[in-house]
Amino acid sequence: MFENLKFAYLMHVDWDWIKQRPHFLYEELTKIYEVELYFIHKVIDSKAHYVRNTKASNGARKIKKIPFSGRFPILRLIERLLNRRLIKSVTLYDVVWITSPLLLDFIPAEIIKRKIVVYDCMDDFLGFYSGLTGSKKFERLWALENDLLKIADIVFFSSEYLRDKQLSTYKDISGRLFVVNNGISSELINKTYPAKLNGVKSINSKRLNLMYFGTIDRWLDFELILNTLQEFPDISFTLIGPINVRVPSHSRIKYVGPIPHEKLYDFSEEADAFIMPFNISQLIRSVDPVKIYEYLFFDKPVFVIDYEEIYKFLPFVHMYSNQLDFFKLIKDLQEGRLKSLNFKDKIEFLNKNTWSERCKQIVTIIEEVRV
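Keep in mind that this is a model prediction, so the values were computed, not measured. (Residues numbered from 1 in each chain as written. Predicted model: local features only at pLDDT ≥ 70, side-chain atom pairs only at ≥ 80, totals over all residues. Heavy atoms only, no water.)

Participant: Please give an account of the packing of helix α10 (residues 290–297) against helix α12 (residues 343–351) that cites residues and values.
Facilitator: Following both chains from N to C, one finds α10 and α12 inclined at 145°, their axes separated by 9 Å at the closest point. Crossing of α10 against α12: the hand is left-handed. Across the interface between the two elements, Tyr293, Leu296 and Phe297 from α10 touch Phe343, Lys346, Ile347, Phe349 and Leu350 from α12. Class assignment for the residues of the contact of α10 with α12 results in seven nonpolar, no polar and one charged. (Axes fitted to C-alpha atoms, helices over the stretch in contact; angles between N-to-C directions. Helix = DSSP H or I, 4+ residues; strand = E, 2+ residues; numbered from the N terminus. Left-handed = near helix turned anticlockwise from the far one by under 90°. Contact = heavy atoms within 4.5 Å. Nonpolar A, V, L, I, M, F, W, Y, C, P; charged D, E, K, R; others polar.)

Okay, structure coming up:
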């Protein structure tokens, strides 16, 4: 049965990065299979980006990443030598789960071809490097993903849009393809909190707080944020998460570093609404945002940019297409005109979209391939 399969679970993000799809699915898979965690760990890196996630259930093996190895072949060779014992150990497993083509810089495709290879395609990989289009580095990254898609027996996509985009980008995908959306932690939903979530604060409060949590990167629409601050003197923003770009300084923007996942509830109590102020791009269109599932649980209004993957969250979110739409949502929030949807309906929706439910879907697929 299920427990006989042994997994090598290879993550391209550090275990102590803010919790994302790879962390949650690893935790769920360990409830069913014997799973050994491997993750890329930068030898030299700022710890300011990290949190202390709960200890991996079976311990973890760190794949050492040295600076600038992505630029120079000789450094990639040195990396493989540093990690040679780890690389060899991957051959001992039945299933090799890979979260990014970048892992093929460490684990050669040749040594895992006879395994059940799962590629969990969680994002538009090349979309992170769109500024390099046409360069040798971009061609190398394209080749890495192309190689992974050639050897993968199963490819999971986090969204329909992402699947379709990858099918148009690569012509040699031979594995079985499935869409497995993101979700929400059952532990978050079921945890006992000190007080009931009670919706929006009184509109008489001096300043309304719009909150975002997630990675702070080039996809945030800082122009919209700054224009909102200029238009509404009684609005402030709280941005929570690791910062990867130069960000504007403003007296009504509060930047909070990354926080442990279990602390999200505490911060949610200070929010009047949650936001996802993204600039629309191919990268963003491919995203099934984990944060929206979590925003819904905190039972405050949610303002999100309009694109296809958001529609499944209706009627629980408020969508905007431009700055005027966003301003109108804020005015409606200030004046108490936003409809308050039944929290039980949100919970019913979320219970159908937990990471546990996603894992059940994954297990069924893996066992079918196994047979």
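So, next bit.
Participant: Give me the lowdown on the sheet that holds strand β4 (residues 95–98), citing residues and values where you can.
Facilitator: For sheets, the rule is that strands pair by backbone hydrogen bonds, running either parallel or antiparallel. The seven strands are arranged β3-β2-β1-β4-β5-β6-β7 in an open sheet whose pairing can be described as parallel. Single-partner strands in this sheet number two, and they are β3 (61–65) and β7 (176–179). With strand direction ignored, the average angle separating the axes of adjacent strands in the sheet is 20°. Bridge count between strand β2 (residues 34–42) and β3: five bridges; the pairing is parallel. (Pairing = 2+ DSSP bridges.)

Participant: So, the side chain of Glu309: which residues are in play, and what are the values?
Facilitator: Looking at the secondary structure, you find Glu309 in the loop between β12 (302–305) and β13 (318–320). Aside from chain neighbours lying at most four places away, what touches Glu309 is Ser159, Glu160, Tyr161, Arg285 and Val287.

Participant: Break down the sheet that holds strand β8 (residues 208–213) for me, with residues and values.
Facilitator: Taken together, the six strands give an open sheet; going across it, the order is β10-β9-β8-β11-β12-β13, and neighbouring strands pair in parallel fashion. For this open sheet the edge positions go to β10 (253–256) and β13, each flanked by a neighbour on one side alone. Each strand of the sheet is rotated relative to its neighbour by a mean of 25°, with strand direction disregarded. Along the sheet, α10 makes contact with β8, β11 (273–276) and β12, crossing β8 at roughly 140°.

Participant: How would you explain the pairing of β12 if you had to name every residue and give the values?
Facilitator: The two faces of β12 match: Val302 and Val304 on one face and Phe303 and Ile305 on the other face are all buried. Of the pairings in the sheet, the one linking β11 to β12 comprises three bridges and is parallel in character. Pairing of Ile275 across the sheet is with Phe303, part of β12. Strand direction decides the pairing type here: β12 and β13, joined by three bridges, are parallel. When the sheet's bridge partners are listed, Phe303 is paired in β13 with His318. (Buried < 20%, exposed > 50% of the residue type's maximum accessible area, 1.4 Å probe, protein only.)

Participant: Please give an account of the packing of helix α7 (residues 222–231) against helix α11 (residues 323–334) that cites residues and values.
Facilitator: One can describe the packing of α7 onto α11 by two numbers: an axis separation of 11 Å at closest approach and a directional angle of 50°. The pairing of α7 with α11 is recorded here as oblique in orientation. Note that α7 runs across α11; the crossing there is right-handed. Between α7, through Leu224, Asn227, Thr228 and Glu231, and α11, the contact on the second element is made entirely by Gln323, Phe326, Phe327 and Ile330. The class makeup of the residues in the contact of α7 with α11 is four nonpolar, three polar and one charged. (Parallel < 35°, antiparallel > 145°, perpendicular 65-115°, else oblique.)

Participant: How would you summarise the nonpolar core if you had to cite specific residues and measurements?
Facilitator: In this structure, Leu210, Tyr212, Ile292, Leu296, Phe303, Phe326 and Leu350 are the most contacted members of the largest nonpolar core, which totals 59 residues. Those residues in contact with Phe326 that lie beyond four places of it in its chain are Leu210, Leu224, Thr228, Ile275, Phe303 and Tyr320. Counting residues in hydrophobic clusters, the runner-up holds 34 residues, among them Leu104, Leu144, Ile151 and Leu162. (Core = buried A, V, L, I, M, F, W, Y, C linked by side-chain atoms within 4.5 Å.)

Participant: Describe the side chain of Ser185, listing the residues and the values that go with them.
Facilitator: Mapped onto the elements, Ser185 comes out in the loop between β7 and α6 (186–190). Setting aside anything within four residues of it in sequence, one finds Ser185 in contact with Phe24, His261 and Trp355.

Participant: Now, about α11: what can you tell me, with residues and values included?
Facilitator: Given 3.6 residues to a turn, an α-helix orients residues that are three or four positions apart in the same direction. Spanning 12 residues, α11 covers 17 Å between terminal C-alpha atoms, matching the ideal 16 Å at 1.5 Å per step. Along α11, the positions that sit buried rather than exposed are Phe326, Phe327, Leu329, Ile330, Asp332, Leu333 and Gln334. Residues of α11 that are buried in the fold lie against β8, α7, β9 (235–240), β11, β12 and β13. Among the residues of α11, the N-terminal cap falls to Asn322, whose side-chain oxygen and the backbone nitrogen of Leu324 are separated by 3.2 Å. Two residues or fewer after α11 comes Gly336, characterised by a positive phi angle close to 70°. (Expected span 1.5 Å × (residues − 1). Polar contact = N/O pair within 3.5 Å; in protein donor to acceptor, adjacent residues only side chain to side chain.)

Participant: Explain unusual backbone geometry residue by residue, including any values.
Facilitator: Among all residues save glycine, negative phi is the norm, and among peptide bonds the norm is trans. Here the bond from Leu314 into Pro315 is cis, since omega is 5°, no more than 30 degrees from zero. On the secondary structure map, Pro315 appears in the loop between β12 and β13. Its identity as a non-glycine residue notwithstanding, Asp299 has a phi of 55°, on the positive side. Among the secondary structure elements, Asp299 is positioned in the loop between α10 and β12.

Participant: Mind laying out α12, listing which residues take part and the relevant values?
Facilitator: Regarding α12, the residues found buried are Lys346, Ile347, Phe349 and Leu350. Along the long axis of α12, the arc covered by the buried residues comes to 160°, so they all point the same way. Buried residues along α12 sit against α6 and α10. The opening residue of α12, the one whose side-chain oxygen lies 2.7 Å from the backbone nitrogen of Lys344, is Asn342. (Arc of directions from axis to C-beta.)

Participant: An account of the pattern of salt bridges is requested, with residue identities and associated values reported.
Facilitator: Here the structure, examined in full by the defined rule, presents 19 salt bridges. The partner of Lys31 in a salt bridge is Glu28, and the shortest N-O contact between them spans 3.3 Å. A relative accessible area of 54% means that Lys31 is categorised as exposed. Classification of Glu28 as buried rests on a relative accessible area of 7%. Note that Arg285 is salt-bridged to Glu308, the shortest N-O span being 3.1 Å. Here Arg285 is found in helix α9 (residues 282–285), whereas its partner Glu308 is found in the loop between β12 and β13, with 23 residues between them in sequence. Note on Arg285: relative accessible area 25%, which makes it partly exposed. Classification of Glu308 by relative accessible area gives partly exposed; the value is 39%. (Salt bridge = Lys/Arg side-chain N within 4 Å of Asp/Glu carboxyl O.)

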